[in-house]
Amino acid sequence: AQSVAQPEDQVNVAEGNPLTVKCTYSVSGNPYLFWYVQYPNRGLQFLLKYITGDNLVKGSYGFEAEFNKSQTSFHLKKPSALVSDSALYFCAVRDMGGGADGLTFGKGTHLIIQP
Amino acid sequence: GAGVSQSPSNKVTEKGKDVELRCDPISGHTALYWYRQRLGQGLEFLIYFQGNSAPDKSGLPSDRFSAERTGESVSTLTIQRTQQEDSAVYLCASSLGPSGSSDEQFFGPGTRLTVL
């Protein structure tokens, strides 16, 4: 079975400060890992993914995420937060070796950037 | 089309009625997924279609839920005898490659279903 944990329901960051949204996962084999963002009344938008290779993955809107196999984590980061980054962020995983066809998502983290 | 589209965007129905939700995937995408998003929860996988293969129905919560897809085009999700606990946003996604690939899924805007 595969699972994702996003331990924080909400993260508050001042504009211009660095931000981190945490994600840990559990899979039987090796993971494909994804981050999606959901703005109010809009569908999920893909931000970035980890497949293999470099542990630091860069994505849209200046976001990046670091894959840490020993800690089974895939935290989302951005060096300098913008008010427009305020949204709901989802981490998702799929076992590279098989298992469920759908992605397994975390419960989401509300990111609030304060001006 | 430019993206995944879903209709209707909102649906209010009475308990016990049947509803049908529609999804148009991105042209050329072979894989199509349905998810359910309850308030304050993550996405819950419902069903997966890949080409003309038999769908993976392992996520459907009960036999009141069913879905169809014709080839690599439109899909419909049907919920029979709706219950209040079916109230949620139903999201459709498509991807270029099959579920076992690393291809990201592209999501539609969702259908918000409210069962009174």
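All figures in this text were calculated on a predicted structure; none of them were measured in a lab.

**Q** Even after reading the chapter, I still don't get the overall build of chain A, so can you show me in this structure?
**A** Broken down by element type, chain A carries zero helices and twelve strands. The N-to-C order of helical and strand elements in chain A reads β-β-β-β-β-β-β-β-β-β-β-β. In terms of overall dimensions, chain A has a C-alpha envelope of 45 × 30 × 20 Å along the principal axes. Residue pairs in contact within chain A that sit at least 24 positions apart in sequence constitute 58% of those at least 6 positions apart.

**Q** Please clarify how the sheet that holds strand S1 (residues 5-7) of chain B should be interpreted in this entry.
**A** The pairing of strands in a sheet comes from backbone hydrogen bonds and takes either a parallel or an antiparallel form. Residues and elements named next belong to chain B. Spatial strand order, S1-S3-S7-S6: four strands in an open sheet with antiparallel pairing. Both outer strands of the open sheet, S1 and strand S6 (65-69), are each paired with one neighbouring strand and no more. Averaged over all neighbouring strand pairs, the angle between strand axes comes to 15°, with direction disregarded.

**Q** Explain the pairing of S6(B) here, please?
**A** Regular strands have side chains that alternate between both faces of the sheet. Residue and element names in this part refer to chain B. What you see with S6 is a clean split: Phe65, Ala67 and Arg69 sit on the buried side and Ser66 and Glu68 on the side with no burial. As defined by bridge partners, S6 adjoins strand S7 (residues 75-79) across five bridges and the pair is classed as antiparallel. From the neighbouring strand, Phe65 faces S7, where its bridge partner is Ile79. Between S6 and S7, which pair antiparallel and follow one another directly, the connecting turn spans five residues, one of which, Gly71, has a positive phi of 60°.

**Q** I keep staring at the nonpolar core and nothing clicks. Help me out?
**A** Nonpolar side chains tend toward joint burial in soluble globular proteins. If you look at the biggest cluster of nonpolar residues, it comprises 28 residues, and the most contacted ones within it are Leu19(A), Trp35(A), Leu47(A), Leu48(A), Phe74(A), Leu76(A) and Tyr89(A). Contributing elements (two or more residues each) for this core: strand S2 (10-14), strand S3 (19-21), strand S5 (31-38), strand S6 (44-50), strand S8 (64-68), strand S9 (73-78), strand S10 (87-95) and strand S12 (109-114) of chain A. Counting residues per element, this core draws most heavily on S10(A), at four residues. Apart from the residues within four sequence positions on either side, Phe74(A) is in contact with Cys23(A), Leu33(A), Phe34(A), Trp35(A), Leu48(A), Lys49(A), Tyr50(A), Ala65(A), Glu66(A) and Phe67(A). In terms of nonpolar packing, the next biggest core, distinct from the first, is built from 20 residues, Val19(B), Leu32(B), Ile47(B) and Phe49(B) among them.

**Q** Sorry, what's going on with the confidence of the model for chain B here?
**A** A low pLDDT means the predicted coordinates there should not be read in detail. Across chain B, the average pLDDT comes to 92, with 99% of residues at or above 70. S7(B) holds the highest mean pLDDT among the elements of chain B, 98, whereas strand S5 (residues 43-50) of chain B holds the lowest, 93.

**Q** Help me understand the interface of chain B and chain A in this model?
**A** Interfaces are often sized by the amount of accessible area the parts lose when they come together. In this assembly, 21 residues from chain B lie in contact with 18 residues from chain A. Summing both sides of the interface, chain B and chain A together bury roughly 1,600 Å²; the carbon and sulfur share of this comes to 52%. Of all residues in chain B, Ser102(B), Glu104(B) and Phe107(B) give up the largest surface area on contact with chain A, accounting jointly for 29% of the area buried on that side. Our enumeration of links across chain B and chain A arrives at one salt bridge.

**Q** Help me out: how do you make sense of the pattern of salt bridges in this one?
**A** Proximity of charged atoms lets side chains of opposite charge pair with each other. Tallied over the entire structure, the rule returns seven salt bridges over all chains. For Lys49(A), the salt bridge is made with Glu104(B), and the minimal N-O distance between the two is 2.7 Å. Here Glu104(B) lies in the loop between strand S8 (88-95) and strand S9 (106-107) and Lys49(A) lies in strand S6, a pairing that spans two chains. Where Glu66(A) meets Lys77(A), a salt bridge forms, and the shortest distance between an N and an O atom there is 3.5 Å. Highlighted residues: Glu66(A) in strand S8 and Lys77(A) in strand S9, separated in sequence by eleven residues. The exposure class assigned to Lys77(A) is partly exposed, which follows from its relative accessible area of 29%.

**Q** What am I meant to see in unusual backbone geometry here?
**A** In most cases, non-glycine residues show a negative phi, while peptide bonds are predominantly trans. Cis geometry marks the peptide bond from Ser7(B) to Pro8(B); its omega dihedral reads -10°. Mapped onto the elements of the fold, Pro8(B) is located in the loop between S1 and strand S2 (10-13). A positive phi angle is found at Tyr61(A), which is not glycine, with a value near 60°. For Tyr61(A), the location among the structural elements is in the loop between strand S7 (56-58) and S8. Residue Thr72(A) is not a glycine yet carries a positive backbone phi of 45°. Along the chain, the position of Thr72(A) falls in the loop between S8 and S9.

Rules behind the numbers
- Residues numbered from 1 in each chain as written.
- Chains lettered and ligands numbered in written order.
- Predicted model: local features only at pLDDT ≥ 70, side-chain atom pairs only at ≥ 80, totals over all residues.
- Heavy atoms only, no water.
- Helix = DSSP H or I, 4+ residues; strand = E, 2+ residues; numbered from the N terminus.
- Contact = heavy atoms within 4.5 Å.
- Pairing = 2+ DSSP bridges.
- Axes fitted to C-alpha atoms, helices over the stretch in contact; angles between N-to-C directions.
- Buried < 20%, exposed > 50% of the residue type's maximum accessible area, 1.4 Å probe, protein only.
- Core = buried A, V, L, I, M, F, W, Y, C linked by side-chain atoms within 4.5 Å.
- pLDDT = per-residue confidence, 0-100.
- Buried area = accessible area lost by both parts, 1.4 Å probe.
- Salt bridge = Lys/Arg side-chain N within 4 Å of Asp/Glu carboxyl O.

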